[in-house]
Amino acid sequence: MEGAGHRRAAVVTGAASGIGRAIAERLADDGLDVLAVDLDPVPDGPGVGYAADLTTREGNRGAIDEALERFARLDVIVANAGVQHVAPISEFPEDHWEAMIALLLTSPFLLARYGWEALGAAGDGRFVAIASAHALAASPFKSAYVAAKHGVLGLVKTLALEGAERGILATAVCPGFVRTPLVEAQLADQAKARGIPEERVLEDVILEPHAVKRLLEPEEVAGTVSFLVGPGGRGFTGVPVTMDLGWTAH
Ligand code: NAD
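These lines cover the structure that appears in this document, whether it is placed above or below. Remember, it's a predicted structure, so these values are computed and weren't measured experimentally. (Residues numbered from 1 in each chain as written. Predicted model: local features only at pLDDT ≥ 70, side-chain atom pairs only at ≥ 80, totals over all residues. Heavy atoms only, no water.)

1. Remarks on the overall build of the chain
Argument step 1. Helix and strand counts for the chain come out as eight helices and seven strands.
Argument step 2. Compactness check: the chain gives a C-alpha radius of gyration of 18 Å against a globular reference of 18 Å for 250 residues, within 12% of the reference.
Argument step 3. Along the first, second and third principal axes, the C-alpha atoms of the chain reach 60 × 35 × 35 Å.
Argument step 4. A burial count over the chain gives 51% of its 250 residues as buried. (Helix = DSSP H or I, 4+ residues; strand = E, 2+ residues; numbered from the N terminus. Rg over C-alpha atoms; globule rule 2.2 N^0.38 Å. Buried < 20%, exposed > 50% of the residue type's maximum accessible area, 1.4 Å probe, protein only.)

Next comes the structure, spelled out in structure tokens:
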């Protein structure tokens, strides 16, 4: 499949919003063919939209099959789709736990499993999970998220070892807080769980662990993914790529 002049092809999940949308836009600008997968893809969004529920096996299988059918190759998988739920452990809804593990941990596994042969055939395959600083450190009230993000880093390390012989590199980008709807949606939940007014949540809770007191922008994370899947990323595999404004330096 490799050859001069071919266009590389990527699957990006959660591509209708926030970080995933910025990644899909950036990879398309970099000249890749992009399948932009989401529950509800944006009609005029970057790349080719594909609707799938990634909490299901069929959804993940469908995304990989669609990319191969459209582009006849697959060089890059970016497992990004995610949700958050904030609640104390004694009240954490069991159904949310299962759905979050399915999306944040099992979907990256299924994407790698179903896309593995194609990534190997590409000759220079790249698998990138958008994990989180929560792959390296915990926060209260985020049991499912923190557990799944730690898990996906373990998955990436395993993929790196298995992929080495086939030229497949795997990394986990670990951002601190990024300005997206996922973070904005937490303001009310955090206020409730901690009993403080919503306007104090951003400063006192969200930005509390950042040494540098600002949110990251989705485009900054997209820039890191662009680097990791490009020539500059050839030395990175089996590692967290941490961009957390000093969070895990504590
Ligand atoms: P977002 O809410 O803006 O976007 C998430 C996207 O995932 C949405 O478009 C949503 O429709 C999609 N999605 C949700 N459930 C899905 C399903 N079952 N099937 C298919 N698509 C589904 O969130 P974001 O902040 O851009 O987060 C993207 C990733 O980055 C997540 O994995 C998140 O954990 C991670 N992350 C976010 C931050 C942050 O501060 N925002 C920090 C670190 C890591």
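That covers the picture; the talk isn't over yet.
2. A few points about the site of the ligand
Argument step 1. The ligand sits among 29 residues. The nearest are Ser17, Asp38, Tyr145, Val178 and Thr180.
Argument step 2. For the ligand, an oxygen atom lies 2.8 Å from a polar atom in the backbone of isoleucine 19.
Argument step 3. Taking 840 Å² as the accessible area of the ligand by itself, protein coverage stands at 91%.
Argument step 4. The pocket occupied by the ligand, as judged from atoms lying within 2 Å of grid points, is the largest pocket. (Near = heavy atom within 4 Å. Polar contact = N/O pair within 3.5 Å; in protein donor to acceptor, adjacent residues only side chain to side chain. Areas by Shrake-Rupley, 256 points an atom, 1.4 Å probe, with all protein chains shown as cover. 1 Å grid on protein atoms, 1.4 Å probe; cavity = no way out; pocket = protein on both sides within 12 Å on 5 of 7 lines; lining within 4 Å. Sits in = over half its atoms within 2 Å of the grid points.)

3. Quick word on the layout of surface pockets
Argument step 1. The calculated volume of the largest pocket comes to roughly 830 Å³.
Argument step 2. Along the wall of the largest pocket there are 43 residues; nearest its centre are Ala81, Gly82, Val83, Gln84 and Leu182.
Argument step 3. Among the elements of the structure, helix 1 (18-29), strand 2 (33-38), helix 3 (94-122), helix 4 (143-163), helix 5 (181-184) and helix 6 (186-194) are those that each provide at least two residues to the lining of the largest pocket.
Argument step 4. Element by element, the count of residues in the lining of the largest pocket is highest for helix 3, at five residues.
Argument step 5. Tallied by class, residues from the lining of the largest pocket come to 23 nonpolar, 15 polar and five charged. (Points joined across faces, edges and corners; volume = space filled by probe spheres on them. Nonpolar A, V, L, I, M, F, W, Y, C, P; charged D, E, K, R; others polar.)

4. Observations regarding the packing of aromatic side chains
Argument step 1. One pass over the full model with this rule turns up two aromatic pairs.
Argument step 2. Aromatic pair phenylalanine 177 and tryptophan 247: ring centres 5.3 Å apart, planes at 15 degrees, arrangement stacked. Taken together, the positions of phenylalanine 177 in the loop between strand 6 (169-175) and helix 5 and tryptophan 247 in the segment after strand 7 (239-243) put the pair 70 residues apart, joining distant regions of the chain. Residues phenylalanine 177 and tryptophan 247 agree in their burial class; the two are buried.
Argument step 3. Considering the side-chain rings of phenylalanine 227 and phenylalanine 236, the 5.5 Å spacing of their centres and the 80 degrees angle between planes classify their relative orientation as edge-to-face.
Argument step 4. Classification of phenylalanine 236 by relative accessible area gives partly exposed; the value is 32%.
Argument step 5. Just above the ring of tyrosine 114 sits the side chain of arginine 61; from NZ or CZ to the centre is 4.0 Å. (Phe/Tyr/Trp six-rings, centres within 6.5 Å; stacked < 30°, edge-to-face > 60°. Lys NZ or Arg CZ within 6 Å of the ring centre and 35° of its normal.)

5. Brief notes about the environment of histidine 6
Argument step 1. Examined against the element boundaries, histidine 6 turns out to sit in the segment before strand 1 (9-13).
Argument step 2. For the pair histidine 6 and alanine 131, spaced 125 residues apart in sequence, the C-alpha separation works out to 30 Å.

6. Some thoughts on the side chain of threonine 224
Argument step 1. Along the polypeptide, threonine 224 turns up in helix 8 (residues 218-229).
Argument step 2. If near-sequence neighbours (up to four positions away) are discounted, threonine 224 is found in contact with Val173, Val241 and Met243. (Contact = heavy atoms within 4.5 Å.)

This is a description of form; function is not addressed.
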